[in-house]
Amino acid sequence: MTHHLRAQDPEQFDETFLPFVPTPPAAHPKVLRDELVAATEWVSRYLSDLPTGPVNRPMPAEHRSRLRAGRLGREPGDLGGVLEFVRDEIAPYPTGNGHPAFFAWINSPPAPAGVIAELLACTINATCGMGENALMDLERGTVRMLASLAGLPQGTGGVLTSGGSMANLLALATARTWFLTRRGSGDGAAYDRDHARLTVYYSAQAHMSVAKAASCIGLPAHRLRPVATDASDRMDPAALRAAITADLDAGLLPFCTVSTLGTTATGAVDPLEPITEVCRSAGMWHHADGAWGGLGATVPALAPLYRGVGGLDSMTVDPHKTLSVPVGCGALLVSDPEHPHTAFAHQASYLVADEADGADAAPWLSHATIELTRPGTRALALWATLHHLGRDCVAGMLTQQLALAAELRERIVAEPRLDLLAGGPWPVACFRIADPRCVAPDALHTHVARRVQENGRAYLAAVAVRGRTVLRACVCNYRTTSEELDLLVREVLHAADADDRPGPAVKGQRSNGR
């Protein structure tokens, strides 16, 4: 059997007769069920066995090359090959963040409810960008749940994102549109004139995504202002005010300050009320990057640090960090939901809201972000995780992680060979190995972190803090216990004693000095 296809442009194409090639049929219901059952059983075993295996393992070069080659066979494959491929080729080489002895980065394991919800949302496969469907309304509801947990006022809106980097980008773009629109320079020559003078301010401890977001909206490096921090790594409001005043005197246009709620390196929380006061006096937007620490207001021990959180213009929150929602689920929360609509709403004749939606219809979520096609997995996985936890368990889980980090810091202080440099209030500890004989301490700590990672029993990272390379351990796994803290300290000391460490240390000797 053949199909007769007439070309649209006869000057470029001839009439062509193509043989009909049948596509692989949809999976038979029983086959699909059997494979889903097999996959579910494997997922359950994989998650339950994680703590007994290595945190991570090196990937052989030939395996890496095979994955990168991307060779596609001509013949259809059977569904069973998917699970087999994941089991043999992917699962043995994870990042490691599912393991309770993973302390390197702020990457949490997947919550059980989120794992289930991801499968169900993929099955429904609705987009949360256009049209009206239940998952899009669910996203609106989960955004309100997050806003409530974050201590933001009723009426706060926003959208779910792929993560904190995207949320920070949307926030800066929204702040720019808000600022220029208020000045009457939202377009034309006035836009070009004023945009060329915009400046943005953020803590010197801010996540790199803030500077990246500023670059993406067209701000060059010479108009980005890292603001000095105090001895506790918090943004200094006086330094912020001085930087803004200097730029105003130079004819520039300060439009946004980004504070940080839980800095990546040390877990510091910037002082919100004084920063908001500076922003209001200068007519600026105040955005808080709370990708890690955005939900601190719900934790009694941290709540005093979050006074004034309700006065923010916007906030980034990453549910895939503090709530263990599967990657990637971030959120931008905005005090006035109309502001992102002003920044991102665009019309097209093929994307018009259905009048049948009636008075209950709300603006499509694609009008509040740069994404049009948006996965429903974020909303359902977030809802399922929050439903499984409840407000009290959200606070309880974060409180447990704070307690474990405090316990880790106590262990470090009690160990004569280790020096605690920084940590908190969010659950992190930055420390160094006390060894007066070492002539290259920064290289030593980078080396020790790598040795711990290679040994596979625990995993932590090296980071720069106050001009020195230190070891950094972050607690963000709901399965972590005191046993993993003891393991981490032992692994660090073991790596420090390794024969191949840099510097002139003598094999077998230990330093008792601090």
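The numbers attached to residues start from 1 for each chain and follow its sequence in the written order. Where totals are concerned, whole chains, interfaces and linings use all residues; where local detail is concerned, this predicted model gives features only for residues with pLDDT of at least 70, and gives and counts side-chain atom pairs only at 80 or more. In computing side-chain properties, one takes all heavy atoms of the structure into account and sets aside hydrogens as well as water.

Participant: Would you mind going over the overall build of the protein chain with me for this structure?
Facilitator: Each helix is a run of DSSP H or I of at least 4 residues and each strand a run of E of at least 2, with the numbering of both proceeding from the N terminus. On a plain count of helices and strands, the protein chain comes out with 15 helices and 13 strands. By the compact-globule yardstick of 24 Å for 514 residues, the protein chain fits well, its C-alpha radius of gyration being 26 Å. Dimensions along the principal axes, computed over C-alpha positions, put the protein chain at roughly 85 × 60 × 50 Å. Evaluated residue by residue, the protein chain yields a buried proportion of 47% over its 514 residues. Two residues qualify as a contact provided that any one of their heavy atoms is within 4.5 Å of a heavy atom in the partner residue. Across the protein chain, the fraction of contacts at a sequence separation of at least 24, relative to all contacts at a separation of at least 6, is 72%. Just so you know, the count uses Lys and Arg for positive and Asp and Glu for negative, and it drops His and the chain ends. Where a charge lies is defined by one atom per residue type: Lys uses NZ, Arg uses CZ, Asp uses CG and Glu uses CD. Of note, the protein chain has its 46 positive side-chain charges centred 7 Å away from the centre of its 54 negative side-chain charges. For the radius of gyration, the atom set is restricted to C-alpha positions; the globular benchmark scales as 2.2 Å times the number of residues to the power 0.38. We call a residue buried when its accessible area falls under 20% of the maximum for its residue type, exposed when it is over 50%, and partly exposed in between, using a 1.4 Å probe and counting protein chains only.

Participant: Honestly, unusual backbone geometry in this entry has me stumped. Any pointers?
Facilitator: Glycine aside, the phi torsion of most residues is negative, and most peptide linkages are trans. The amide bond that connects Val 327 to the next residue, Gly 328, takes the cis arrangement and shows omega of -5°. Turning to its location among the elements, Gly 328 is positioned in the loop between α11 (319–322) and β9 (330–334). For the peptide bond that leads from Gly 424 to Pro 425, omega is 10°, which places it in the cis range. Checked against the element boundaries, Pro 425 lands in the loop between β10 (418–422) and β11 (428–433). With a phi close to 60°, Asn 125 is a non-glycine residue in the positive phi region. Counting through the fold element by element, Asn 125 comes out in the loop between α4 (112–124) and α5 (134–149). For Ser 324, which is not glycine, the phi dihedral falls at a positive 65°.

Participant: What am I meant to see in the sheet that holds β11 here?
Facilitator: Strand-to-strand pairing in sheets goes through backbone hydrogen bonds, with the strands running parallel or antiparallel. Whether two strands pair depends on DSSP finding at least two bridges between them. With antiparallel pairing, the four strands of this open sheet are ordered in space as β10-β11-β13-β12. In this open sheet, the two strands that pair with only one neighbour each are β10 and β12 (461–465). For this sheet the average axis-to-axis angle between neighbouring strands, irrespective of direction, equals 45°. Bridge count between β10 and β11: four bridges; the pairing is antiparallel. Residue pairing in the sheet places Asp 419 in a bridge with Arg 432 of β11. Note on geometry: axes are C-alpha line fits, over the in-contact stretch for helices, and angles between N-to-C directions span 0 to 180 degrees.

Participant: For this particular structure, what's the right way to read the nonpolar core?
Facilitator: Within soluble globular proteins, side chains that are nonpolar generally end up buried alongside one another. We call a set of buried Ala, Val, Leu, Ile, Met, Phe, Trp, Tyr and Cys residues a nonpolar core when their side-chain atoms join them within 4.5 Å. With 81 residues, the main nonpolar core has Leu 146, Val 200, Phe 255, Met 315 and Leu 333 as its most contacted residues. A per-element tally of this core places helix α6 (residues 164–182) first, with 11 residues. Apart from residues lying up to four places away in sequence, Leu 146 is in contact with Leu 160, Leu 295, Val 317, Pro 319, Leu 323, Ala 331, Leu 333 and Leu 382. Counting 33 residues, the second-largest nonpolar core is a separate cluster that includes Val 55, Ala 101, Leu 487 and Val 489.

Participant: Even after reading the chapter, I still don't get a nonpolar patch on the surface, so can you show me in this structure?
Facilitator: Residues enter patches when their relative accessible area tops 30% and they take part in no salt bridge; the joining distance is 9 Å for like charges and 5 Å for the nonpolar side chains Val, Leu, Ile, Met, Phe, Trp and Tyr. Surface accessibility follows the Shrake-Rupley procedure with a 1.4 Å probe radius. Residue values consider only the protein chains on display as shielding. Definition used for salt bridges: Asp or Glu carboxyl oxygen within 4 Å of a side-chain nitrogen of Lys or Arg. A surface patch of nonpolar side chains, about 580 Å² in accessible area, is lined by Val 31, Leu 32, Leu 36, Leu 79, Ile 116, Leu 119 and Leu 120. Taken together, the elements giving at least two residues each to the nonpolar patch come down to α1 (29–49) and α4. By the element assignment, Leu 120 lies in helix α4.

Participant: Sorry if this is basic, but what is going on with the packing of helix α9 (residues 237–249) against helix α10 (residues 272–282) here?
Facilitator: How two helices sit against one another is set out by the angle between their axes and by the gap between those axes. Contact pair α9 / α10: the axes reach a minimum separation of 9 Å and the direction vectors enclose 15°. Classed by the angle they form, the pair α9 and α10 counts as roughly parallel. As for how α9 packs across α10, the hand of that crossing is right-handed. Where α9 abuts α10, its residues Pro 237, Leu 240, Arg 241 and Ile 244 lie against Pro 274, Ile 275, Glu 277, Val 278, Ser 281 and Ala 282. Following the grouping adopted for this structure description, the nonpolar residues are Ala, Val, Leu, Ile, Met, Phe, Trp, Tyr, Cys and Pro, the charged ones are Asp, Glu, Lys and Arg, and the polar ones are all others, Gly among them. In terms of residue class, the contact of α9 with α10 is made up of seven nonpolar, one polar and two charged. Roughly parallel refers to an angle under 35 degrees, roughly antiparallel to one over 145, roughly perpendicular to one between 65 and 115, and oblique to any angle outside these ranges. Crossing handedness follows the turn of the near helix against the far one: under a right angle anticlockwise gives a left-handed crossing, and clockwise gives a right-handed one.

Participant: Any chance you could explain the confidence of the model for the protein chain here in plain terms?
Facilitator: Close inspection of predicted coordinates is inappropriate for parts of the model with low pLDDT. Within the protein chain, residue pLDDT values average 90, and 90% of them lie at 70 or more. Note that pLDDT drops below 50 for residues 504–514; the model gives that stretch 23 contacts with residues more than four away or on any other chain. pLDDT is a residue-level measure of predictor confidence that goes from 0 to 100.

Participant: Please explain the sheet that holds strand β8 (residues 314–317) as it appears in this structure.
Facilitator: With mixed pairing, the seven strands of this open sheet are ordered in space as β3-β9-β8-β7-β6-β4-β5. At either end of the open sheet lies a strand with only one pairing partner, and these are β3 (157–161) and β5 (224–227). Ignoring strand direction, the axes of neighbouring strands in this sheet form an average angle of 20°. Across the sheet, α6 touches β3, β4 (198–203), β6 (253–260), β7 (285–290), β8 and β9, and the angle it forms with β6 is around 150°. The strands that α10 touches are β6 and β7; relative to β7, the one it contacts most, it runs at about 150°.

Participant: Mind showing me how you'd approach the pattern of salt bridges here?
Facilitator: When the charged atoms of two side chains lie near each other, side chains of opposite charge can form a pair. A full pass over the atoms with the stated rule returns 21 salt bridges. A salt bridge links Asp 247 to Arg 225, with the shortest nitrogen-to-oxygen separation between them at 2.9 Å. Highlighted residues: Asp 247 in helix α9 and Arg 225 in strand β5, separated in sequence by 22 residues. Arg 225 shares its class with Asp 247; the two are buried. When salt bridges that share partners are traced, they join Glu 139, Glu 371, Arg 374 and Arg 378 into one network.

Participant: Can you help me understand the environment of Ala 204 in this one?
Facilitator: In this structure, Ala 204 sits in the loop between β4 and α8 (208–216). Once the C-alpha coordinates of Ala 204 and Lys 321 are considered, the two residues, 117 residues apart in sequence, prove to be 22 Å apart. Ignoring any residue separated from it by four or fewer positions in sequence, one finds Ala 204 in contact with Pro 226, Val 227 and Thr 229.

Participant: What is the right way to look at the side chain of His 99 in this model?
Facilitator: Looking at the secondary structure, you find His 99 in the loop between α3 (80–90) and α4. Beyond its immediate sequence surroundings of up to four residues, His 99 is in contact with Leu 50, Pro 51, Gly 53, Pro 54, Val 55 and Asn 477.

Participant: Is there a simple way to think about the packing of α6 against α8 in this case?
Facilitator: Running from N to C, α6 and α8 cross one another at 45°; their axes reach a closest spacing of 9 Å. When the axes of α6 and α8 are compared, the pair comes out oblique. Crossing angle aside, the handedness with which α6 passes α8 is right-handed. Judged by residue contacts, Ser 165, Asn 168, Leu 169 and Leu 172 of α6 engage Ser 209, Val 210, Ala 213, Ala 214 and Cys 216 from α8. Residue composition of the contact of α6 with α8, grouped by class: six nonpolar, three polar and no charged.

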